[in-house]
Amino acid sequence: MRKILAMAVAVIAVTACTTQQKAEPEKTAAQQLLERLDSLRQKGIMYGHQDDPMYGLTWEYQKDSSDVKNVCGDYPAIMGFDLGGIEMGDQKNLDSVPFTRMTEEIINHYQRGGIVTLSWHPRNPVTTIDGGGNAGQKFPEGSAWDVKDSTIVKQILPEGACHEKFEVWMQRVSDFLATLKTDDGQKIPVIFRPWHENSGSWFWWGEGLCSVDEYKALWNMLQDKLLADGFDNLVWSYSPGCQDNLTAERLLDRYPGDDRVQMLGLDGYQWNPEEKDAFIARTKQNLEVLCQVAKEHGLIPALTETGMKNMTEPTWWTSTLLPAVEEFPISYLLTWRNYKDEWFGPSPVKPDAKYFVDFHNNSKTLFLNEIK
């Protein structure tokens, strides 16, 4: 009898354990991506490139092409794309990339094992007219860089005069995000980086154009909308700009909160050859603060934008960038796009190509084949 009773208790215990395991909620696509990002940064720093499969210095929209791949034989681990223009209902973004092609390339990169990040440079909702057909025009009046009016954010928040208009714009972002899924309906995880470089005042959401509370309300409004629409595949990245003598307090000045952010990034460029030493020193100091704050808040750190304009120093990849970042446990760094008159990534037709191969071969850097 005791033996039978013991067996019964064991069966009940196993059944309870199995039931508990079944009851545990399945991890969302965003949670799975976060775990992957954290694991990969133990191996090295992923390299990313904006608009990588769309165009290069000598080509546009060629199937399976990439300046990065054409230089080193591998795709970047991270590909970045921008949604600027989607809010207008345009067919192309502010850099003339068709949104249908963007969806296609995001799915392609995800299916080959890569990671995707999205930024958004929305036009000025107060000074632009919806349906204006401004695709590809980056700096006209009404762009994200239109900062003549310091009340834009206030006007699009609830109770603001342009709130209903901006609700339409947010819905268009939502509609685009809904296209990012595999044929079997699986949501593609994405690092989403809205309202970036807010520590400057060159965008209408920058610190000189809105208060701390208004900025946080802007962040929350967009996030609440997209979460309500079911997008649990987004890793939210808060990414101000690199600054001289950055402090933790300054970095977190407009931080929306640990319950709203999963990744902490910084954007920082080298614009001139003579800034090499200053770039290295500033980047190191900024990343030290970034990584410490990220650790304290349970966030993934990254250098979310960087690069040297037009690569006027061919050795930059190994003489400047690598020394600036290699000692820090950041998830990735992303260089901006390669365009005709302003480029930041490698190109097989430029002298920096052979140094980028050395950068690719370094044990500290990760490309697509190393993260699959």
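Preceding this paragraph is the structure being described.
Rules used throughout
- Residues numbered from 1 in each chain as written.
- Predicted model: local features only at pLDDT ≥ 70, side-chain atom pairs only at ≥ 80, totals over all residues.
- Heavy atoms only, no water.
- Salt bridge = Lys/Arg side-chain N within 4 Å of Asp/Glu carboxyl O.
- Axes fitted to C-alpha atoms, helices over the stretch in contact; angles between N-to-C directions.
- Helix = DSSP H or I, 4+ residues; strand = E, 2+ residues; numbered from the N terminus.
- Parallel < 35°, antiparallel > 145°, perpendicular 65-115°, else oblique.
- Contact = heavy atoms within 4.5 Å.
- Nonpolar A, V, L, I, M, F, W, Y, C, P; charged D, E, K, R; others polar.
- 1 Å grid on protein atoms, 1.4 Å probe; cavity = no way out; pocket = protein on both sides within 12 Å on 5 of 7 lines; lining within 4 Å.
- Points joined across faces, edges and corners; volume = space filled by probe spheres on them.
- Phe/Tyr/Trp six-rings, centres within 6.5 Å; stacked < 30°, edge-to-face > 60°.
- Lys NZ or Arg CZ within 6 Å of the ring centre and 35° of its normal.
- Buried < 20%, exposed > 50% of the residue type's maximum accessible area, 1.4 Å probe, protein only.
- Arc of directions from axis to C-beta.

### What to know about the pattern of salt bridges
Phase 1 of the analysis: Summed over the entire model, instances satisfying the criterion amount to 16 salt bridges.
Phase 2 of the analysis: Several salt bridges share partner residues, and in doing so they unite Glu207, Arg250, Asp253 and Arg254 into one network.

### Overview of the packing of helix H9 (residues 276-297) against helix H10 (residues 316-325)
Phase 1 of the analysis: Here H9 crosses H10 at 25 degrees, and the two axes come no closer than 7 Å. If you check the angle between H9 and H10, you find them roughly parallel. Of H10, the residues touching H9 (which contributes Lys276, Phe279, Ile280, Thr283, Lys284 and Leu287) are Trp316, Ser319, Thr320, Pro323, Ala324 and Val325.
Phase 2 of the analysis: Each residue belonging to the contact of H9 with H10 can be placed in one class, and the counts come to 7 nonpolar, 3 polar and 2 charged.

### Points about the layout of surface pockets
Phase 1 of the analysis: In this structure, the largest pocket encloses a volume near 510 Å³.
Phase 2 of the analysis: Lining the largest pocket are 25 residues, and of these Glu197, Trp202, Tyr269, Trp271 and Glu305 sit closest to its centre.
Phase 3 of the analysis: Sort the elements by how many residues they give to the lining of the largest pocket and strand E6 (residues 263-270) lands first, with 3 residues.
Phase 4 of the analysis: Considered class by class, the residues forming the lining of the largest pocket number 10 nonpolar, 7 polar and 8 charged.
Phase 5 of the analysis: Counted as a void, the second largest pocket has a volume near 230 Å³.
Phase 6 of the analysis: Lining the second largest pocket are 16 residues, and of these Ala29, Gln32, Tyr110, Gln186 and Pro189 sit closest to its centre.
Phase 7 of the analysis: At the level of elements, helix H2 (29-40) and strand E3 (115-119) are the ones that each hand at least two residues to the lining of the second largest pocket.

### So, the packing of aromatic side chains
Phase 1 of the analysis: Counted according to the given criterion, the structure contains 32 aromatic pairs.
Phase 2 of the analysis: The structure contains a cluster of three or more aromatic residues connected by ring pairs, namely Trp120, Trp145, Phe166, Trp169, Trp195, Phe203, Trp204 and Trp205.
Phase 3 of the analysis: Its end group placed over the ring of tyrosine 75, arginine 112 keeps NZ or CZ at 4.1 Å from the ring centre.
Phase 4 of the analysis: Over the aromatic face of tyrosine 339 sits the side chain of arginine 337, whose NZ or CZ is 4.3 Å from the ring centroid.

### Points about the environment of glutamine 270
Phase 1 of the analysis: The residue glutamine 270 is located in strand E6 in this model.
Phase 2 of the analysis: Assessed through its relative accessible area of 2%, glutamine 270 is described here as buried.
Phase 3 of the analysis: A sequence separation of 54 residues divides glutamine 270 from lysine 216, and the C-alpha atoms of the two residues are 29 Å apart.
Phase 4 of the analysis: Apart from the residues within four sequence positions on either side, glutamine 270 is in contact with Glu275, Lys276, Phe279, Gly307, Met308, Lys309, Trp316 and Thr320.

### Examining helix H11 (residues 353-361)
Phase 1 of the analysis: When H11 is considered as a whole, its buried residues turn out to be Ala353, Phe356, Phe359 and His360. Along H11, the residues classed as buried sweep out an arc of 105 degrees about the axis, all on the same side. Seen from the open side of H11, the exposed residues pointing more than 90 degrees away from its buried face are Lys354 and Asn361.
Phase 2 of the analysis: Next to the buried residues of H11 lie strand E1 (45-50), helix H3 (67-72), H10 and strand E9 (365-366).

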